[in-house]
Amino acid sequence: MLSMAALALRANAQDAAVRFGLTPVFLDDHAGLLKAWRAYLESRLGRPVQFVQRGTYREISDMLRRDKLDFAWICGYPFVRWRRWLRLLAVPLYRGQPLYRAYLIVPATDTTTRSILDLRGKVFAFSDPDSNSGYLYANYRLAQADERPAGFFSKSFFTWAHRKVVEAVAAVLAQGGSVDGYVWDTLEKFSPELTSRTRVADRSPEFGFPPLVARASVTHAEFDAMSRVLLGMASDGEGQDLLNRLNLDGFTPGSDGLFEDIDRMMRAVDRSDAAAPA
Amino acid sequence: MLPRLRDLSLRYKIPLRGSLLVLVTAAAVTLSLMFREYDQLRDDLIASSASMGRVLAKTLVTPLVHDDVWRAFEIINSPFHASGHELAPQTAEIVTVLDSRGMVYVSTQPTQYPILADPMRTNRDFSELQHAIDHYREFEPTVVEPLRSDKLYVVAPIVSDGVQLGSLVIGYSKSAFAPRFYAIAKRAGVVTLFVIAVLLPASWYWGQRFARPLMNLARSMEQVSTRIPAEAEVRVEESRDEMGQVGAAYKAMLQELREKELLKREIVVSERLAAVGRLSAGIAHEINNPLGGMLNAINTFKHHGSDDPVTVKTLSLLERGLLQIRDTVAALLVEARIESHPLTRQDIEDTRTLVLADANGKSVRFEWENDVVGALQIPSTLVRQILINLMLNAVDAAGANGVASGHVYHDSRDLHIVVANNGTHIPPERMEYLFEPFSSHRAGGHGLGLWVTYQVIRQLSGDVAVASEPDHTSFHVTLPLETQPA
Ligand SMILES: Nc1ncnc2c1ncn2[C@@H]1O[C@H](COP(=O)(O)OP(=O)(O)OP(=O)(O)O)[C@@H](O)[C@H]1O
Ligand SMILES: [Mg+2]
């Protein structure tokens, strides 16, 4: 009886859709691309796939931790913060490397700014408080100079998407913004009229590319199946097509070592925040 | 040099004024239509933007509570992106959210209105807007139209739980009305042009018609200084309006002038005749005295007798000459008091008999009418003298196969003698000297007949009128009758 029930459960799990969480990186607005990618995954996995999009990184990582999602494409910063609840599934290859940078962008009219520290008293745009390139790195730079955004900038705000940071800076709503370098480069490729109104004032060192993760409780079979599909994308035409549209070269299994720097920055910023007067 | 406007002929001035009136009226109507349309546009805009303001302000509550600048930015930009937004028939030029201190929270034009900046620095209009913000009535959107600004603003409070978090300012450029406004203006312009095209020729025509009688009058008046135009030459409006009244008054004035002129001439003529009369009477008197003496002397001499044939012949020659002088002088001198019986019908008939012989001799048809009955208190000898002179002249002038006529009648006051004829007439230039002595223009005439006639008429306190034109001459003598003693 018991085994029968377990079997039935297993069969259900086989039929149930794979729930795949997406953060508002730049994919947010690309319904066509997502539809094609989902169809690809479904055909390769032989299972229905359901993409789950949420407005913030936080919601996606929360859902992962509460087993509401099987997989998700998140950022290195939530990955290191919630490491215990997650398994590293794959890391995208960008320009051949599983690496990317954070960009400090300013309006194109600003030709002098070289560093975030030049923007004291200005209005600044972050993408998401759980983003490495859109928040953590900028915070880390300020913390190194013993500054915190609230005191350093006259005003800072979140746009909850990298693309919108570019828009805010392009409109000069903010005099500076911290953005995912991969997103900016991809936008430069697909929407140059937007990026041309901004200027990259500073580039961070390289960090591990925002990884694809699985909840810790996902079965080996499911994990392996998904891993196999993703890693194989670069080697079939259809997958290559999708990768082109994603402006990526492929996926690699990756390792925790890629995210060590992010982990270090997180600790530094946390310490700085703790030291800050309430 | 161009003629001055006020010197222009009425022929142009009236139509020009009419045209001006048409143009001014058309312009006024067009303008008022356009202003009405402008108001309509403005009301539409205010209504729609107030409702848009209300909606936007409500949506902005959450972002303001959460201090979500980007969300607020996206919300205020939404009317610009949603092109078919039914709430925004006119696209707003700027939407700005002010925080509770009146500083910029977020604006659709961040370069001009940076976050946290004082909007008054960029745009003085905001000082008036701030006044409206400080005095919201029941948290309802307010329309503000700052003086000396080309913008119109709708200000809406952003309120949560009765607390004002900030304000929404939607600015419209009034020049955004321009395209619609111009479209309306163009339509109005076309209609106006059409109306003008119809009205201008009409006003031109009516103006001309109105001016014409005035022009006729003016032209006629110009002539008056040189000569008085004849009745037939004067063309004036025959109507009872002011134009007609002026025309009638002008005609009456001309008639008066003509009469005055006539009177003046008559006075001149009669004064001259009087002067000539006095002169000839004086001369006649001076001649008559020695003449009487001379004739008496010759008479006496003849009684005493002398047989010298040369003397007798000389004396009789002298006597004949002197007698002729006396006759002539007698003719000049009209006898003042001649004993005479009252005039009867028969006296007049007698003159007819006398003249008829003459007329028959000259093959002139003589027409006669005698309306006198009974005896009239007027010296018959003098009347007969007048009649004979006038009728002989008429017969003479009528000539062979001509017609002459005589008509004598009377009323209670006057006796009238009218003698007329055809044939040779008296030319106007001779009219003035007609009654002067020795002014004969007739072979065998002495030129004394009318002179005597005139003197007699004057003596009887009467009057004579002459009218002469080719083929018709008439003399009309009016003699007052002595009032019969009761
Ligand atoms: N009825 C008439 N129609 C046309 N002409 C006239 C008439 N009566 C007078 N006249 C003109 O006026 C002139 C003057 O007339 P008036 O009787 O004084 O002199 P007369 O007839 O010439 O001579 P008389 O002294 O013998 O009468 C005439 O010679 C004639 O030319
Ligand atoms: Mg005569």
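Details of the structure are given in the entry above.
Just so it is clear, the model here is predicted, and its values are computed rather than measured. (Residues numbered from 1 in each chain as written. Chains lettered and ligands numbered in written order. Predicted model: local features only at pLDDT ≥ 70, side-chain atom pairs only at ≥ 80, totals over all residues. Heavy atoms only, no water.)

The subject of this paragraph is the pattern of salt bridges. Tallied over the full model, the rule gives 34 salt bridges over all chains. In this structure, A:Asp236 engages A:Arg44 in a salt bridge whose closest nitrogen and oxygen atoms are separated by 3.3 Å. Separated by 192 residues along the polypeptide, A:Asp236 in the loop between helix H10 (220-232) and helix H11 (237-246) and A:Arg44 in helix H2 (residues 31-45) bring together distant segments of the chain. Here A:Asp236 falls in the partly exposed class, since its relative accessible area comes to 21%. One connected set of salt bridges, linked through shared partners, spans B:Asp358, B:Lys362, B:Asp396 and B:Arg442. (Salt bridge = Lys/Arg side-chain N within 4 Å of Asp/Glu carboxyl O. Helix = DSSP H or I, 4+ residues; strand = E, 2+ residues; numbered from the N terminus. Buried < 20%, exposed > 50% of the residue type's maximum accessible area, 1.4 Å probe, protein only.)

What follows concerns the packing of aromatic side chains. All names here are of chain A. The final tally for this structure, using the stated rule, is 27 aromatic pairs over all chains. Note on Phe 20 and Phe 51: the rings are 5.5 Å apart at their centroids and 90° apart in plane angle, and the pair reads as edge-to-face. One end of the pair, Phe 20, is in strand E1 (residues 18-22); the other, Phe 51, is in strand E2 (residues 49-53), and 31 residues separate them in sequence. Residue class for Phe 20 comes out buried when judged on its relative accessible area of 0%. On the numbers, 6.1 Å between centres and 75° between planes, the contact of Trp 37 with Trp 73 is edge-to-face. Here Trp 37, found in helix H2, pairs with Trp 73, found in strand E3 (residues 71-73); they are 36 residues apart in sequence, far enough to count as distant. Pair check on accessibility: Trp 37 and Trp 73 agree, each one buried. Taken together through their ring pairs, the aromatic side chains of Phe 124, Phe 126, Tyr 135, Phe 152, Phe 153, Phe 158 and Trp 160 make up a single cluster. Above the face of the Trp 82 ring, Arg 65 is positioned so that its terminal group lies 3.7 Å from the ring centre. The ring of Tyr 103 is capped by Arg 203, whose NZ or CZ atom sits 4.7 Å from the centre of that ring. (Phe/Tyr/Trp six-rings, centres within 6.5 Å; stacked < 30°, edge-to-face > 60°. Lys NZ or Arg CZ within 6 Å of the ring centre and 35° of its normal.)

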